[in-house]
Each structure stands twice: as C-alpha cells, then as structure tokens.
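Fold and geometry: a report
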Amino acid sequence: MRNVSTETTAHPALIFWIVAGWVGFCILPWYGVEDGFFAFEWLVDGYPFDEDYAPAAFLIGQGEKVWLAPLILPLITSLFALRRKKSDPLYAKILIASGAIGFGWLIAQGFGIGIRGFNFEWLTALFGDLGDRQFGMGYGALLLASAYLFLFTQGIAARGAINGDVFVVSAIGGVIVIVTVFVFFPIAKMLLAAFITEEGGYSALVFASKFFDDRLWGLGCLSGGRCGAAWNSLFLAITVGILTTVLGLVFALVVTRSGFRYKRALRALTVLPIITPPFVIGLALILLFGLSGTVTQFFADLFGVQPTRWLYGMPGVLIAQTLAFTPIAFLVLIGVVEGVSPSMEEAAQTLRANRWQTFRTVSLPLMRPGLANAFLLGFIESMADFGNPLVLGGNFDVLSTEIFFAIVGAQYDQGRAAVLAMVLLFFTLSAFYAQRMWLGKKSYTTVSGKGDAGVHPLMPNGLAVPVFIAAGVWGLFTVVVYGMILYGSVVELWGVNNTLTFKHYVTAFSVRFEETGIRWTGAAWDSFWTTIYIAAAAAPLTAAVGLITAYLLTRQSFAGKNAFEFGTMLSFAIPGTVIGVSYILAFNVPPIEITGTGIILIVSFIFRNMPVGVRAGIASMSQLDKSLDESSLTLGANSWQTFRRVILPLLKPAILAALVYSFVRAMTAISAVIFLVSAEYDMATSYIIGRVENNDYGLAIAYSTTLIFVMLAAVGLLQVLVGRTKIGRRTQFGAKEQT
C-alpha cells in the first residue's frame, strides 16, 4: 500500500519547487535591490511596477528585459510532470528538460548580457547594439535558479541515480553548483591572469617566465643564501603540520584519557589562539622575544650576551603558526579520540595486553583518520597563512606573503600572484592525496548500532608523563603570550609607557545612556556589530554545507566522487588574499553582483571555512557503522530522515568543531577581508589593522582582547546549544559519560 500511495499522490518536493519557481518569476524582485539583500524598503517603494524592484513577469509585461521571456516556458512544461507517476519515463524527461533548459538559459543570458549590453562582440555583430543593460541577480532570479536546479536533480533521481534518492541527488547537485559558482569560477578568473600578456592576450611564455623565477625555486640556502619561497613554504608547512597534530593529540589525550581535573580550563586554553587575530600573537611574541623583548633582555643581562633578531624568520613564524593552528588539530582530534570504542580497548586488555600495548595497537590505529585530517588542515593553514609571516617573516619569504605583495604592492602583478597561487595549490593538493594514500581503504568504524557502555582506559604511565609535560609547557607558554596581550591593552603605550589605563577600552567601546535609549559612542562599535552579524550568519551555513558534504563523501558512492571532494577542499588551499581578489574580479559585475555588500563577506567565509566542517565530519563519520543507516532505511525512513535523526545526533563533536571554527574565523579573518570590506560593512580585523597602521597599538590590542572574551562566551554558548553526543558510556570514575 505504501508504494502505491507514492505513485498516485503528488510529490511534495516537486510541488514545492514548481511553486517556488513561479514565486521567483512573478512575485519577487528579479534584480538585486540596491538597499541590500536584507533590506525590504522596496515593498513600499514602487513595487511591483518600478523597474528597479519589478519581478521578471512585470518587466516583460512592460516591454523591458525581453530576454527573460523564454524562462517561462520551462516553468510551464514542468507542470505536466504533476499528472504523471514517478515510474513513468516521461516524468523524468519532463523534469530534466525543464530544469536543464531553464537553468541553462539563466546562465546564458546572465553571462551574455552585462552592464554595457552584450558582453561578447559576436553577439553584438549578430543582434546589433542591445541598447539596454543588466544588473546582478536578486531574490527572484536566485529562487528561480534554485527551482530549475532541483527540478533537474529530481528528474535525475527519477531515472534511478543513487537508487532514486531525491535527497542525496539534490544534495550532490546543490553542492556541486554552489562550489562551482563560489569556488571554481572566481579562482579560475584569477588564475587566468597567469597567462595574460601586457596586450591583453594569452601566452604560455608569460606563465613560464614567472613560474621559473629564481625567487620561487632558488636553492641559495644550501650555500648560505636564501631559498625560494616555494621551498620555504613547503618545509614550514610540513613542520607545522607535524607539530600541530602532535600537540592536538596531546591535549585530546589529556582531556579524554586522564583524570586531569581542570579539563574545561584546558579546553578553553587550547581554543584561545584560534580566536585571536594572528598579527596580535605576532606582536606578543615580539614583545617577549624580539630584540628589545622582555625574555630576550632578561637572558641577555643574565648571561651577558648581545641580543639577536633570532625571532624574525623561520623560528618566529613556526612558533606563531604552531600556536595559532594547534587548536584546529585539537578540535578535529577531540571527537575522534572520544569516538574510539572502549569495548575494543577493554577486549584487548582482556586478552592480557597492557595499557601501552592497547593504546599502540588498538586506540592509535583507530585515530588515523583524525591524525591525517589534523595534519592536512595544519599543512594547508600554514601554506595559506600570511598574517604571521607578514609580522615575523623578516627575510624568510613564503608563498602567501609573496602573493600578497604581488597583489597589493607597487608591482600589482596579478600574473605573478596567480602563478604563485598555482604552486601553493599544487603543494596542498599533493598533501591531500598523500593523506588519502596513507589512510588507504581500511575501515576505522568504532561506533555501531550496538550498545557500548565501556570505559576508556587511562593513558599508560610511559605515555602520560611526556604528554603532561608537553601539555604543561605549551599551556604555560600560551598563558604567558595571552598575559602579554592582556597587559598590552591596559598600558598607555605598549613597550614605551607602561602606565596602567583603561582609556583604550573607553575609546573603542564607550556607551552613553540617553532619554532616547542607549547610544553606542565608541569608535569600534560599528565594525564590532557588523562582525558579529556577519559571523553569526556565516557559521551555521558553513556547518550545514560542510556536514552535508561530509555525509555525501562518506555515505554515498557516485561518479566523480574524487573530483567532488577536491572541489570542497580547493578554497581552503588558496590564500585568503587570492580569494579576496578573485571574488572582486568575479562578483563585481552581473550575473552575480555582490561586491561591497555583506553577502560577499558571508559567502567568502562559508566557502573559505567549509573544508573544516567537511574534514571534521569525515573524521567522525568514518567511525559510524553504515549499518546504522541501513537499519533506518530498512525501517522505512528516507535518506533525509536518516541523516537528520540518526547521523546528526552522533556528530555533535563535528558540528561543534564546524560552528566554533567558522564563527571565530569569520570574527578574526584578515586576508580576504581586506579586499572585501566596504564603508558600510567594515569588519573588526580591518579596523584593527587600520589602528596598527596609525601606530595606535593600545586601541588595536584592546579591541582584540575584547574579541577574545566575546568569542570565548560564544564558544561556551555553542557548546551548550549543540550539546554532547550521548552514547551511554561510563567514565573511569563510574558516572555515565556523554561524549
């Protein structure tokens, strides 16, 4: 009876997207509203007849934008699918044709017609001068494009793709489209600059001359000189990846495999560096270890030696990046270490294995997905980071800073920046494939549908001693660095006049209570509220896209899966400076015209930080037995219900990692933000950099310190809202554990 009903009743998803398409075409403004995507003044300002706010149907009715008229035909055609059964071959053909033709025409007219009429000379030669222009997509165009896309994916599912699963096929199609639009398209426009000649043509010789530059591949360091930026970046990234993975595992073991009483404080301490603008850590290190730093002067006086500039170069960048990126490894590894089944460890001990043998032969091998992902993220973060090398690099050239100076320096050489970005991308993708080869096709499943009330064993003594020493030393070092940051925010002039004062906080965040209400009089409030608003909007979207993508990669098999995974990681492998410039080049003109808006900031954060959600989700889902999905499907649930009710509740560590990382990175991002902020949407980091450039270090550090406390509170709130995975385990101390 159940199968018969699905054949004879209308399909809710199909009805929804057909209705959405008509709403987008006939009701919502077709082009972008000048007041902003989230402004609704257009409702009382000439809508629906004003050309600026009119829906496509009204524009066509007024004889304007006649190239939009063909879009109505696929909408009408899709209605014929409502009268047919899903098993009818014509059902799939109607939806595939409607979706493909409608979506294809949207793309063709979007790129064919721009702000000056036709974008291509052959169109002008064929049809003559258009005498009209086009604006960027608005609510209506966006909704209709989505409708056509998902009509197409429903048709593909009806033909039997992925066993006819509408949710899975639609999710794959949706992720492919948004990754193509917001990752491949802007980066492709940027990388094409590597082949552009001064005359505007394309030449491989231009690329070759920039690629084989000695500043990129030189090996002068072998003879006492300087190495090229490529080798410096590679060696630094490998070292940072190893150190951050080891330290992340150390902190994860202390939290999960020891009786350490102050685990909450340790969690907060490991998260501190990730919620700090990178150049602030660099400034704190300079105050400690620079030529006139506190520690440097102390040892110089103690041993009677001349202070040196040892911090500037490889050592300083390595310390700063390790401090900044260890929390990423910890956030990935904590869920993986907690997810190892205690019953397997107890079984090993039952077979007379001691705690060290159990850890080495059972626990550690099951953590391999987390270790591999933590190393990969540390490697990529080091490659893409330019804040720390900019402050501490000295003569130690790396790819990210070379790209930055190629773009914003006096040379303004987009071609050189593009070539450097290609080299950087090659290194990061090589690490990606090396990680896949190391993991192989082994199974790392530890959580199945069976009950598991086992207890994680404590670390063996031989491991616990070095782990606690490493955690203690690094934790103390982190406390000292942040103590210096806090101290720098309450002194008159950092390093010159150390008189205590709160004037920097007053200048930035003063508030006045008036009869009309609260007046935010501080200089930093505008950028602060904008940053909170943008980060809060980007975080859940980042987590959602990342975890759905991870679900598709770990739970589904489909053609092009490797290319699909490559696309999701691509944005993370490109420096933020390149992302910022490529977004300006791609989204400054129709069909997607969002430069200078808050939308471009949100979109850049989503796709820049999405890979963390993907990798955290993959690491956690690798431990969930697929029998959980199969059992749910056998009991009548569809893939969407299984994902929402079975998979997601077991992914709370991954969800928390994605939310925390995406929120705090949106709060502290600097590289892409420099290019994408506008007068209306000024972010906290760009404001802080402006203060640093004006030598107002006190205000910059006070603002950064405030952001740290705000984000600590936000991380705590996210932990409460997300909760912890409940799988009924006991702790070493007898109580039930909610991991």
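No experiment lies behind these values; they were computed from the predicted model shown. (Residues numbered from 1 in each chain as written. Predicted model: local features only at pLDDT ≥ 70, side-chain atom pairs only at ≥ 80, totals over all residues. Heavy atoms only, no water.)

1. Some words on the overall build of the protein
Operational definition: Numbering of helices and strands runs from the N terminus; a helix is a DSSP stretch of H or I covering at least four residues, while a strand is a stretch of E covering at least two. Both definitions apply: the radius of gyration is a C-alpha atom measure, and the globule rule equals 2.2 Å times residues to the power 0.38. Relative accessibility decides the category of a residue: with a 1.4 Å probe and only protein chains considered, values under 20% of the type maximum give buried, values over 50% give exposed, and everything between is partly exposed. A contact between two residues is defined here by any heavy atoms of the two lying within 4.5 Å. Per-residue accessibility takes into account occlusion by the displayed protein chains alone, with areas from the Shrake-Rupley method and a 1.4 Å probe. In summary, the charge assignment counts Lys and Arg as positive and Asp and Glu as negative, without counting His or the chain termini. Charged side chains are reduced to one point each, which is NZ for Lys, CZ for Arg, CG for Asp and CD for Glu.
Secondary structure summary: the protein contains 33 helices and eight strands in total. Computed over C-alpha atoms, the radius of gyration of the protein comes to 28 Å, within 12% of the 27 Å expected from 2.2 N^0.38 for 739 residues, which places it in the range of a compact globule. The dimensions of the protein, computed from C-alpha atoms along their principal axes, are 85 × 70 × 65 Å. Relative to its 739 residues, the protein shows a buried fraction of 54%. Considering only residue pairs separated by 6 or more positions, the protein has 74% of its internal contacts joining residues 24 or more positions apart. With the model as given, the accessible surface of the protein reaches about 32,700 Å², and the carbon-plus-sulfur share is 65%. When the 47 positive and 42 negative side-chain charges of the protein are each reduced to one mean point, those points stand 16 Å apart.

2. A few points about unusual backbone geometry
With omega at 10 degrees, the peptide bond leading from P590 into P591 counts as cis. By secondary structure assignment, the location of P591 is in the loop between helix 26 (576–586) and helix 27 (598–621). Despite not being glycine, K65 shows a phi value in the positive range, around 50 degrees. Mapping K65 onto the fold places it in the loop between helix 3 (56–61) and helix 4 (72–78). At N163, a position not held by glycine, the phi torsion is positive, near 60 degrees. In this structure, N163 sits in the loop between helix 7 (139–158) and helix 8 (166–191).

3. Some words on the pattern of salt bridges
The condition is simple: A pairing counts as a salt bridge when a side-chain nitrogen of Lys or Arg comes within 4 Å of a carboxyl oxygen of Asp or Glu.
Tallied over the entire structure, the rule returns 12 salt bridges. For the salt bridge of D213 with R215, the shortest nitrogen-to-oxygen distance reads 3.4 Å. Here R416 ties to E402 by a salt bridge, and the two come within 2.7 Å at their closest N and O atoms. Separated by 14 residues along the polypeptide, R416 in helix 21 (residues 414–439) and E402 in helix 20 (residues 399–408) bring together distant segments of the chain. Residue R416 shares its accessibility class with E402, and that shared class is buried. It is possible to trace a salt-bridge network through shared partners that takes in D213, R215, E402 and R416.

4. Side note on the pairing of strand 6 (residues 517–520)
Definition in use: Between any two strands, pairing holds if DSSP finds at least two bridges.
Here strand 5 (residues 511–514) runs beside strand 6; their pairing, made up of four bridges, is antiparallel. When the bridges of strand 6 are listed, F513 appears paired with I518. Hairpin connection, strand 5 to strand 6: the antiparallel pair is bridged by two residues.

5. Here's the deal with the packing of aromatic side chains
Applied cut-off: The aromatic pairing rule takes the rings of Phe, Tyr and Trp, using the six-membered ring of Trp, and pairs them if the centres are within 6.5 Å, calling planes under 30 degrees apart stacked, those over 60 edge-to-face and the rest tilted. To sit over a ring, a charge needs its Lys NZ or Arg CZ within 6 Å of the ring centre and within 35 degrees of the ring normal.
Under the criterion given, the structure shown has 42 aromatic pairs. Ring geometry for W42 and Y139: centres 5.8 Å apart, planes at 40 degrees, overall tilted. Of this pair, W42 sits in the loop between helix 2 (12–26) and helix 3 while Y139 sits in helix 7; the two residues are 97 residues apart in sequence, bridging distant segments of the chain. An angle of 90 degrees between the planes, with centres 5.0 Å apart, marks the rings of F211 and F212 as edge-to-face. Taken together, the ring pairs connect F195, F207, F211, F212, W217, W231, F426 and F427 into an aromatic cluster. When the ring centre of Y312 is taken as reference, the NZ or CZ atom of R309 above it lies at 4.5 Å.

6. What to know about a nonpolar patch on the surface
The line we're drawing: Patch membership requires more than 30% relative accessible area and the absence of a salt bridge. Residues of like charge join within 9 Å; the nonpolar side chains Val, Leu, Ile, Met, Phe, Trp and Tyr join within 5 Å.
Taken together, the side chains of I15, V19, L73, I76, L79, F80 and L82 make up a nonpolar region of the molecular surface, amounting to roughly 590 Å² of accessible area. Of all the secondary-structure elements, those providing two or more residues to the nonpolar patch are helix 2 and helix 4. Assessed through its relative accessible area of 54%, L73 is described here as exposed.

7. Examining the packing of helix 2 against helix 7
Condition: Only the contacting stretch of a helix is used when fitting its axis, a line to C-alpha atoms as for every element, and angles between N-to-C directions run 0 to 180 degrees. Just so you know how the angles are binned, under 35 degrees is roughly parallel, over 145 roughly antiparallel, 65 to 115 roughly perpendicular, and the rest oblique. Here is the rule for handedness: rotate from the far helix to the near one, and if that takes an anticlockwise turn smaller than a right angle the crossing is left-handed, while a clockwise turn gives right-handed. In the scheme used here, Gly and all other residues not listed as nonpolar or charged are polar, with Ala, Val, Leu, Ile, Met, Phe, Trp, Tyr, Cys and Pro taken as nonpolar and Asp, Glu, Lys and Arg as charged.
Contact geometry for helix 2 and helix 7: axes closest at 8 Å, N-to-C directions at 150 degrees. One element, helix 2, and the other, helix 7, form an angle in the roughly antiparallel class. Our pair here, helix 2 against helix 7, has a crossing hand that is left-handed. Residues A13, L14, W17, I18, A20, G21, V23, G24 and F25 of helix 2 lie in contact with helix 7, whose contacting residues are G140, L143, L144, S146, A147, F150, L151 and Q154. When grouped by side-chain class, the residues that make up the contact of helix 2 with helix 7 number 12 nonpolar, five polar and no charged.

8. A closer look at a negative patch on the surface
On the surface, E34, E41, D45 and D52 cluster together into a negatively charged patch. Within the secondary structure, E34 is located in the loop between helix 2 and helix 3. Residue class for E34 comes out exposed when judged on its relative accessible area of 71%.

9. Some details on helix 17 (residues 355–366)
Here is the rule: The span you would expect from a helix comes to 1.5 Å times its residue count less one. The arc in question is formed by the directions pointing from the helix axis toward the C-beta atoms.
End to end, helix 17 covers 15 Å across 12 residues, agreeing with the expected 16 Å (1.5 Å per residue, within 8%). Here helix 17 has its buried residues at T358, F359, V362, S363 and L366. Summarising the axial view, the buried residues of helix 17 lie within an arc of 125 degrees, below the 170-degree limit, and thus occupy one face.

10. Side note on the packing of helix 18 (residues 368–384) against helix 27
Where helix 18 meets helix 27, the axes come as close as 9 Å, and the angle between the chain directions of the two elements is 165 degrees. Relative to helix 27, the element helix 18 lies roughly antiparallel. Once helix 18 is placed against helix 27, the crossing between them reads as left-handed. When helix 18 is examined against helix 27, the residues G370, N373, L376, L377 and A384 are found in contact with a partner set consisting of R608, V612, R615 and A619. Looking at the contact of helix 18 with helix 27 residue by residue, the class counts come to five nonpolar, two polar and two charged.

11. Considering the side chain of K65
To be explicit about the condition: Distance and chemistry together define a polar contact, namely a pair of N or O atoms within 3.5 Å, with one atom able to donate a hydrogen and the other to accept it when in protein, and with adjacent residues in sequence counting only for side-chain atoms on both sides.
Residue class for K65 comes out buried when judged on its relative accessible area of 2%. A polar side-chain atom of K65 sits 3.0 Å from a polar atom in the side chain of D132. With residues up to four places along the chain from it excluded, the contact list for K65 reads Y31, E51, L59, I60, D132 and R133.

12. Quick word on the confidence of the model for the protein
What counts is decided by this rule: Summary of the metric used: pLDDT quantifies the predictor's per-residue confidence within the range 0 to 100.
Residues at a pLDDT of 70 or more form 91% of the protein, whose mean pLDDT is 83. Confidence drops under a pLDDT of 50 for residues 1–8, and excluding neighbours within four residues, the segment shows five contacts in the predicted structure. Across residues 733–739, confidence stays below pLDDT 50; counting only partners more than four residues off in sequence or on other chains, it has 20 contacts.

13. Details of the environment of I403
Looking at the element boundaries, I403 is found in helix 20. Spatially, the C-alpha atom of I403 lies 8.9 Å from that of V419, the residues being 16 residues apart in sequence.

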